[in-house]
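Working through the structure, step by step
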Amino acid sequence: MSSREDETLARAAVAALTRQLELTPKPGLPDPRDLGARATRQDHCALRWSAKALLPGFAAMAACARRNGAPTPGLRAELGAIGRCTEHSTQRAGGGHRGATWVLGLLVAAAAMEPGARGRELAVIAKKIAAHPDRRAPRRPSRGSSVSAKYGAAGARGEARAGFPHVRRALDVLAGARVAGTREGEARLDALLTVMSTLQDTELLYTAGPQGLRHVQAGARAVIEAGGVATDAGRRGLVAFDADLQERGWSPRGSGSLLAGALFVDALPGLSPVPA
């Protein structure tokens, strides 16, 4: 793999995040309907702009993984350092995407280390990288780690160390929806709702507590059980679910990040190198 291919992976990761941002309507999450900050306090246009600031960091992660060639503790430490620098750059560009930086960064590194890996195999490689502790990480607890400790939720680290089960679940939904002839946007919304229906989202636990998390999971399941977004009943359920989360000010950001990871993995077979 060359630097051109590293950049191709980085661009694919940013494109996946952008496709997630463009999807609408996303319950409780920023989408193209935003003309300003909604309950999420994050403007959609600003998030799209700041997503571009992730490109150098993802390319550096790909190069680092390619150079190391194995999921070692050293690789994990280097990726952590790059990730923190990338988060700082993103904050200066407008903020957001911390969860997506973690999810996509690990998957980009896995794809760079094993160029032929796809789907579940890629998630397994990312799992091996995430299994090592980041010994250079700041000692102060983050919001996610504090919530994980309080409620016993897996959190972002647990999701990665389990091999991204919700990314794999989203990929299964995308594949099944396409076989059924579902339109792409509706397939992606169904994948998002599937993630939302079972994910122990630490952001939701922080803002809404366990009861709020269960409320969001139940709302997502209800849309799926109504037939999904492609049906009239499912679409009505989605609109009502979105209005409910906006009114409550609850944002399932973890689900959005994991959908972006699934869209990145899904796009890998069709990637072509960046022109010289």
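Residues numbered from 1 in each chain as written. Predicted model: local features only at pLDDT ≥ 70, side-chain atom pairs only at ≥ 80, totals over all residues. Heavy atoms only, no water.

Tallied over the entire structure, the rule returns 12 salt bridges. Here Arg-66 makes a salt bridge to Asp-6, at a shortest N to O gap of 2.6 Å. With Arg-66 in helix α3 (residues 55–68) and Asp-6 in helix α1 (residues 3–22), this pair connects stretches of sequence that are 60 residues apart. For Arg-66, a relative accessible area of 31% gives the class partly exposed. Judged by relative accessible area, which is 3%, Asp-6 ranks as buried. Residue Arg-84 pairs with Asp-134 through a salt bridge whose shortest N-O separation is 2.8 Å. Residue Arg-84 is found in helix α4 (residues 73–93), and its partner Asp-134 is found in the loop between α6 (119–130) and α7 (143–151); the two are separated by 50 residues along the sequence. (Salt bridge = Lys/Arg side-chain N within 4 Å of Asp/Glu carboxyl O. Helix = DSSP H or I, 4+ residues; strand = E, 2+ residues; numbered from the N terminus. Buried < 20%, exposed > 50% of the residue type's maximum accessible area, 1.4 Å probe, protein only.)

Below, the discussion takes up α6. A rise of 1.5 Å per residue sets the reference length of α6, with its 12 residues, at 16 Å; its end C-alpha atoms lie 17 Å apart and thus fit the reference within 8%. Among the residues of α6, Leu-122, Ala-123, Ile-125, Ala-126, Ile-129 and Ala-130 are the ones counted as buried. For α6, the angular spread of the buried residues around the axis is 160°, confining them to a single face. (Expected span 1.5 Å × (residues − 1). Arc of directions from axis to C-beta.)

Below, the discussion takes up the environment of Cys-85. Tracing the backbone shows Cys-85 in helix α4. Among the residues examined, Cys-85 registers a relative accessible area of 53% and is labelled exposed.

Once that is clear, we can look at the side chain of Ser-197. On the secondary structure map, Ser-197 appears in helix α10 (residues 184–198). A residue is classified by how much of its surface remains accessible, and Ser-197, at 7% relative accessible area, is buried. A distance of 2.7 Å separates a polar atom in the side chain of Ser-197 from the backbone oxygen of Thr-194. The residues contacting Ser-197, other than those within four sequence positions of it, are Gln-217, Ala-220, Arg-221 and Ile-224. (Polar contact = N/O pair within 3.5 Å; in protein donor to acceptor, adjacent residues only side chain to side chain. Contact = heavy atoms within 4.5 Å.)

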